[in-house]
Amino acid sequence: MFSTEQFDEWIAEATKIAITYKTKIIGTSHSDGSYRNAGVSIPIAYCIDKDGSAVFISKNDVRTRVFNWETSEVLISNELN
């Protein structure tokens with residue numbers, strides 16, 4: 001991820017794919033957002049449900065997420081204990 005505009009494009013495209021193929025879509029960038037020493041990068045993670053609704057969308061947040069595919073429950077690292 002390199003820009004907010006790119007983030008918006010990725011979410012929009014993931015939403016289209018989820019609806020078209022009636023499936024959940026999960027996407028992530030590198031855990032700290034870095035890629036090949038680019039210097040500017042935003043860590044992201046997202047899950048879009050098969051109806052196009054957001055299960056979770058994370059931008060610039062490096063906390064770990066645990067996703068239950070069957071229930072769509074999402075636990076964030078500080079909620080795991």
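If you're wondering where the values come from, they're calculated on a predicted model, not measured in any experiment. (Residues numbered from 1 in each chain as written. Predicted model: local features only at pLDDT ≥ 70, side-chain atom pairs only at ≥ 80, totals over all residues. Heavy atoms only, no water.)

**Side note on the pattern of salt bridges**
Considering all chains together, one arrives at 2 salt bridges under this definition. Salt-bridge contacts for Asp61 lead to Arg63; the nearest nitrogen and oxygen are separated by 2.7 Å. A residue is classified by how much of its surface remains accessible, and Arg63, at 37% relative accessible area, is partly exposed. A salt bridge links Asp61 to Arg65; the nearest nitrogen and oxygen atoms lie 2.9 Å apart. Shared partners join several salt bridges into a network, and the residues in it are Asp61, Arg63 and Arg65. (Salt bridge = Lys/Arg side-chain N within 4 Å of Asp/Glu carboxyl O. Buried < 20%, exposed > 50% of the residue type's maximum accessible area, 1.4 Å probe, protein only.)

**With respect to the pairing of strand β1 (residues 25-28)**
The two faces of a sheet get side chains in turn, since along a regular strand they alternate between them. Every second residue of β1 is oriented toward a common face, the buried set being Ile25 and Gly27 and the non-buried set Ile26 and Thr28. Note: β1 against strand β2 (residues 44-48), 4 bridges, orientation antiparallel. Across the sheet, Ile25 pairs through a bridge with Ile48, a residue of β2. (Helix = DSSP H or I, 4+ residues; strand = E, 2+ residues; numbered from the N terminus. Pairing = 2+ DSSP bridges.)

**Quick word on the nonpolar core**
Counting residues in hydrophobic clusters, the biggest one holds 9 residues: Phe7, Ile11, Ala14, Ala18, Ile25, Ile42, Ile44, Tyr46 and Ile48. Counting only elements with at least two residues in this core, the list comes to α1 (4-21) and β2. Residues contacting Ala18, with those up to four places away along its chain left out, are Thr23, Ile25, Ile48, Asp49 and Lys50. (Core = buried A, V, L, I, M, F, W, Y, C linked by side-chain atoms within 4.5 Å. Contact = heavy atoms within 4.5 Å.)

**Thoughts on the packing of aromatic side chains**
Tallied over the entire structure, the rule returns 2 aromatic pairs. When the ring of Phe67 is compared with that of Trp69, the centres are 5.6 Å apart and the planes differ by 80°; the resulting orientation is edge-to-face. Residue classification places Trp69 among the partly exposed positions, given a relative accessible area of 43%. Ring pairs connect the aromatic residues Phe56, Phe67 and Trp69, which therefore count as one cluster. (Phe/Tyr/Trp six-rings, centres within 6.5 Å; stacked < 30°, edge-to-face > 60°.)

**Some remarks on the sheet that holds β1**
Strand order in this open sheet of 3 strands is β1-β2-β3, and the pairing throughout is antiparallel. Edge strands, defined here as strands with exactly one partner in the open sheet, are β1 and β3 (54-59). Within the sheet, the average angular offset between the axes of one strand and its neighbour, ignoring direction, is 5°. Sitting on the sheet, α1 touches β1, β2 and β3, and the angle it makes with β2 is about 25°. (Axes fitted to C-alpha atoms, helices over the stretch in contact; angles between N-to-C directions.)

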